[in-house]
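Architecture at a glance
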Amino acid sequence: MDTLETSKSLDKELYSRQLYVLGLPAMQRIQGAKVLLSGLQGLGAEVAKNLVLMGVGSLTLHDPHPTCWSDLAAQFLLSEQDLGRSRAEASQKLLAELNGAVQVCVYTGDITEDLLLDFQVVVLTASRLEEQLRVGTFCHKHGVCFLVADTRGLVGQLFCDFGKNFTVQDPTEAEPLTAAIQHISQGSPGILTLREEADAHHFHTGDWVTFSGIEGMVELNSCDPRPLHVREDGTLEIGDTTAFSPYLRGGAVTEVKRAKTVSHEPLDAALLQPRVVAQSPQEVHRARCLHQSFRALHKFQQLHGRPPKPWDPVDAEMVVDLAQAMGPLKGTEGEPLEEQLDEALVRTVALSSAGGLSPMAAVLGAVAAQEVLKAISGKFMPLDQWLYFDALDCLPEDGDPFPNPEDCAPRRCRYDGQTAVFGADFQDKLSHQHYLLVGAGAVGCELLKGFALMGLGAGGRGGVTVADMDHVELSNLSRQFLFRSQDVHRQKAEVAAEATHRLNADLQVTPLNLPLDPSTEDIFGDDFFAGVDGVAAALDTFEARDYVAARCTHFLKPLLEAGTTGTRGSTGVFIPHVTENYRAPSSDAASEDAPDPVCTVRYIPTTTEHTVQWAKGEFDDLFCESAKTINSHPEALSSLEDLVKSQKQPLLQTMRGVLKERPQTWRDCVLWALGHWQLRFHHGITQLLRTYPPDRVQEDGAPFWSGPKQCPQPLEFDASQDTHLLYVLAAANLYAQMHGLPGSQDQTALRGLLNLLPLPDPQNLDRIFASELELDSPSGCKQLHEDLKTWKKGPPLEPLTFEKDNDSNFHVDFVVAAASLRAQNYGIPAAGHAETKRIVGRIIPAVVTTTAAVAGLVGLELYKVVGGPRPRHAFRHSYLRLAENYFSRWVPKAPDIQEFHHLKWTCWDRLEVPAGQPERTLGSLLALIQELQGLRVTMLLHGSALLYSAGWSEEKQARHLSHRVTDLVKKAPRQRVLVLELGYEGEEYDTNFPRLHYKL
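Bear in mind the structure is a predicted one, so any value in this text is a computation, not a measurement.

Describing the overall build of the protein
Scanning the protein from N- to C-terminus turns up 31 helices and 31 strands. Taking 1000 residues into account, the globule formula puts the C-alpha radius of gyration at 30 Å, and the protein, at 33 Å, falls close to it. Expressed along its principal axes, the backbone C-alpha trace of the protein runs to roughly 100 × 85 × 60 Å. Of all 1000 residues assigned to the protein, the portion counted as buried reaches 56%. Put simply, 73% of the contacts in the protein that link residues at least 6 apart link residues at least 24 apart. Accessible surface, the protein: about 42,200 Å² in total, of which carbon and sulfur atoms supply 50%. Computing the positive centroid from 92 side-chain charges and the negative centroid from 128, the protein places the two 3 Å apart.

Regarding the sheet that holds strand S19 (residues 509-512)
A sheet is described by the order of its strands in space; here eight strands give the open sequence S19-S18-S17-S20-S21-S22-S23-S24, paired in mixed fashion. Only two strands of the sheet have a single neighbouring strand rather than two, namely S19 and strand S24 (886-890). Going across the sheet, the axis of each strand differs from the next one's by a mean of 10°, ignoring polarity. Bridge count between strand S17 (residues 434-438) and strand S20 (residues 534-537): four bridges; the pairing is parallel. Bridging from a neighbouring strand, Leu436 pairs with Val535 of S20. Lying on the sheet, helix H29 (residues 848-867) is in contact with S17, strand S21 (559-565), strand S22 (568-574), strand S23 (877-881) and S24; it crosses S21 at an angle near 165°.

Remarks on the environment of Glu803
Of note, Glu803 is situated in the loop between helix H26 (778-793) and helix H27 (811-826). With 440 residues separating them in the primary sequence, Glu803 and Val363 have C-alpha atoms 35 Å apart.

Overview of the packing of aromatic side chains
Here the structure, examined in full by the defined rule, presents 32 aromatic pairs. Measuring from ring centre to ring centre gives 5.3 Å for Phe681 and Tyr727, while their planes differ by 90°; the resulting arrangement is edge-to-face. One end of the pair, Phe681, is in helix H22 (residues 666-691); the other, Tyr727, is in helix H23 (residues 722-738), with 46 residues separating them in the sequence. Across this residue pair, the class does not change: Phe681 and Tyr727 are buried. Here the aromatic rings of Tyr984 and Phe993 are separated by 4.6 Å at their centres, their planes lie at 75°, and the arrangement is edge-to-face. One aromatic cluster in this structure is built from Trp614, Phe619, Phe623, Trp672, Trp677, Phe681, Phe717, Tyr727, Tyr735, Phe802 and Phe814.

Structural notes on the sheet that holds strand S16 (residues 386-390)
Taken together, seven strands build an open sheet; the order of strands is S3-S2-S1-S4-S5-S6-S16 and the sheet is mixed. Only two strands of the sheet have a single neighbouring strand rather than two, namely strand S3 (103-106) and S16. Along the sheet, successive strands turn relative to each other by an average axial angle of 15°, direction set aside. Bridging between strand S2 (residues 58-62) and S3 involves four bridges; their strand directions are parallel. Bridging across to S3, Thr60 finds its partner in Cys105.

A look at unusual backbone geometry
Cis geometry marks the peptide bond from Ser188 to Pro189, where omega comes out at 5°. Cis peptide bonds are those with omega within 30 degrees of zero, and the linkage from Asp384 to Gln385 qualifies with -25°. Its place among the elements puts Gln385 in the loop between helix H11 (358-377) and S16. Within the chain, Phe810 stands out as a residue other than glycine whose phi angle is a positive 75°. Summarising the element assignment, Phe810 is placed in the loop between H26 and H27.

Digging into the pairing of S23
The side chains of a regular strand alternate between the sheet's two faces. Bridge count for S22 against S23 is four bridges, and the pairing is antiparallel. Bridging across to S23, Arg568 finds its partner in Arg881. Bridging between S23 and S24 involves five bridges; their strand directions are antiparallel. For Tyr879, the partnering residue across the bridge sits in S24 and is Ser888.

A closer look at helix H15 (residues 492-503)
An ideal rise of 1.5 Å per residue puts 16 Å on 12 residues; H15 measures up with 17 Å between its terminal C-alpha atoms. Those residues of H15 not exposed but buried are Lys492, Ala493, Val495, Ala496, Ala497, Ala499, Thr500 and Leu503. Contact partners of the buried residues in H15: helix H14 (442-454), strand S18 (463-467) and S19.

Focus on the nonpolar core
Membership of the largest hydrophobic core comes to 165 residues, with the highest contact counts inside it found for Val122, Leu154 and Leu158. Here this core gets 12 residues from one element, more than from any other, and that element is H29. For this core, the domains that each give at least three residues are domain 1 (10-169 + 261-281 + 355-420) and domain 3 (433-566 + 846-888). Aside from chain neighbours lying at most four places away, what touches Leu158 is Leu147, Val148, Ala149, Leu364, Val367, Ala368, Glu371, Leu383, Gln385, Trp386 and Leu387. Phe681, Leu715, Tyr727 and Trp791 belong to the second largest nonpolar core, which has 52 residues in total.

Things to note about the domain arrangement of the protein
Looking at the protein, the domain boundaries give domain 1 (10-169 + 261-281 + 355-420), domain 2 (178-256), domain 3 (433-566 + 846-888), domain 4 (614-682 + 715-817) and domain 5 (897-999). Distance between the C-alpha centres of domain 1 and domain 2: 45 Å.

Concerning the side chain of Asn825
By the element assignment, Asn825 lies in helix H27. Asn825 sits in the buried class, given a relative accessible area of 0%.

Rules used throughout
- Residues numbered from 1 in each chain as written.
- Predicted model: local features only at pLDDT ≥ 70, side-chain atom pairs only at ≥ 80, totals over all residues.
- Heavy atoms only, no water.
- Helix = DSSP H or I, 4+ residues; strand = E, 2+ residues; numbered from the N terminus.
- Rg over C-alpha atoms; globule rule 2.2 N^0.38 Å.
- Buried < 20%, exposed > 50% of the residue type's maximum accessible area, 1.4 Å probe, protein only.
- Contact = heavy atoms within 4.5 Å.
- Areas by Shrake-Rupley, 256 points an atom, 1.4 Å probe, with all protein chains shown as cover.
- Lys, Arg positive; Asp, Glu negative; His and termini not counted.
- Charge placed at Lys NZ, Arg CZ, Asp CG, Glu CD.
- Pairing = 2+ DSSP bridges.
- Axes fitted to C-alpha atoms, helices over the stretch in contact; angles between N-to-C directions.
- Phe/Tyr/Trp six-rings, centres within 6.5 Å; stacked < 30°, edge-to-face > 60°.
- Expected span 1.5 Å × (residues − 1).
- Core = buried A, V, L, I, M, F, W, Y, C linked by side-chain atoms within 4.5 Å.
- Domains from an automatic or database assignment.

Below, the structure written as structure tokens:
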């Protein structure tokens, strides 16, 4: 096999989110890979789209078959104008537009052995079993990775054969675990104790680890990887340390990921001895029945020259008979199993197998593309070896009538592939839906593609409204396929709406360049939601999801939501009165928007994240806020009194640093940067230890420096150390930029200059340190005022706004170096360049495969929501980890039932009361509530405004009770419902009663 020779450099901004998942070495291997993809129906198009967006070097398309009507329900690269054209040729142009760095070619001949040898990976979709066996046998023999993918209606299969000895360089997505060390004993074995905040449960017996940053027992630093054993008390045995120096302090233990080798069987053997991916014995049995079903469908095609007709009972019984004739189900060793073939399952598969559905293509196409990337890069564990996925729960419940053959017959319509499964009546239902999509990012674009292919809102009063206030960025293009390079800086909602309309001209998409939050409730209010059938949310923060979910609960609208992080994805479906409502995860790990306590970050960091947050705060104070203060408040420098009143002297003192006058040269900027290094990483730590010495004891007798609070150590400046030099280089350049001076990138010259400069005067550093703690004397403020006069006389300073995506302006370099030095002070593992960018930029790692998969799973639930009332057990939440081949779908919980006296309610219930004519007074409203519920109201709230309290004086109660309800509240224009909160006599403190909806 050949790899693609390429001199192209990797566009790190384009693939920035993907690099956090795959890493640079894997991305470079992907960029040089050559893949053959045969079969360009819906599933093949999904695989192709994902591979092109993710930057595979070369993709060759093969499908000489003509485009037909049934293709259009799932193949988004084709349109009515392509009918009769070769699928591969018709798809090539749009695929090539997705990524100019990828060679997208079309091969029109037969698949020969010479052709196969030219590729690292070969993928067959919608292919006959005979061809699969021929190609698979040859690929296995010659070391070409081979995949088969197929969907039939609501079931899909995926097969992987990466050869007898395939090396997986990095089996899991998780970063190598790093933890701070508390102590290491001398002995055999040596016992390592982790700091309190480190979780020993993340380490496992048999893991291999290395060590770094240890003082004292330096023999462990950068040693060969050592195996460890986790003891019952959470400490770690790390081998013999008897001959090593005594441990003093600091250091980190880091997991070493080790390559694994997997062995795959060729297709002819795996067909008879299927190894299936499943999470339970029940899933294993179902997968084996589906395996037999696909074999029977291939046999039916071979005998009759066609697939079974849609919902044809005669054809379906033939498929069941063929499956039975293949003998009993077999295990991984080919042995017969006691489990019986599920004939009902096979029959249902056969009845619904004629269709092609976009959600199924999206799910299987995502997993297949991820497996191709595993084959190319050796990143993550491949499937072993069969995966079966079915969504037959989308069909009518047992006892409800299935579609009839006439309703599912082809109509020469773009939805033929879908009506073959659900029927024409269901298609009409879909077309009249109106949905709100919140978020037009990666998941949002995939959902819009699915809506267009499914025909959601493509007729009658139907439509889709998409709300998103963001603009298209370059990094979006590697996973948001509706956008192109010419769309960068345009509004996402507008671009997505235009692109979706091109996919299906009958679908009306209304873009709104707005967020869905409290500021837009006058727009997304009663009238708007009255015309909406459901909501799909594709948001990247739990805060935003919580708000959208609350609006859906308020307006009783079904909510479909999805989210991803790297190769992990989840989806949820929330149906009024049927399922629980959406609740954001309560774990600390889920609170990605919650900042750490300022005091912890500023004074005593305990985690790597704390050091990065501290470094980002340093950047903002030194190079942005101080410049804004001088530019915006020059009066603060006019007099000493004005300076004190401004309360900005600590910030300005730090910005001024060791300089008495405004910098004029590069040397001045270097002098300032060196002084700030000394202030932050040596002098400041020394001063802290004077106040809190290492042996300080608290009032209860416990050591002050213990547990997560590790005693810091001052650093000694050394220009020969790269991190020390990087800090001064970055800080000096940023200081120069702020003052309009030229900088320098010459590290050799900088080292020479630093060797000539004296270290700052400690007394000068004392003055700055005291000012930062607001302990500066009046004379110190006076000196600061005198020194800053030169800053006032010069031109305005240039505030520097932090840019995370530019690696050439020293912004990220400063934060990386500052965080690393801070980590060294406190013995905390330091973040690397990429990790620092991720933390400071709140970047969510992302790949298009996960995005496409969750969008497909949402589409499957959408079928159920639109289809009509369904019991709770019909719906599915989903969670997947593509890197580890974990797939889970489960029934949502029922809504919690709350009780108070004789009342019972859930989160979906409310008390509805019309305003009446004439409008009710507050007193008449309370009387009506008591009549309806038999309980005395003791409190009534509208938002945060208290409208009534039984604790008020009789006079105040009488005054309020006589007013009309609307005289006591503020209501928005066009608001048709007031939401009031009730309190009842005898209630518990935490009781959440149903809201009162007062209809105006």
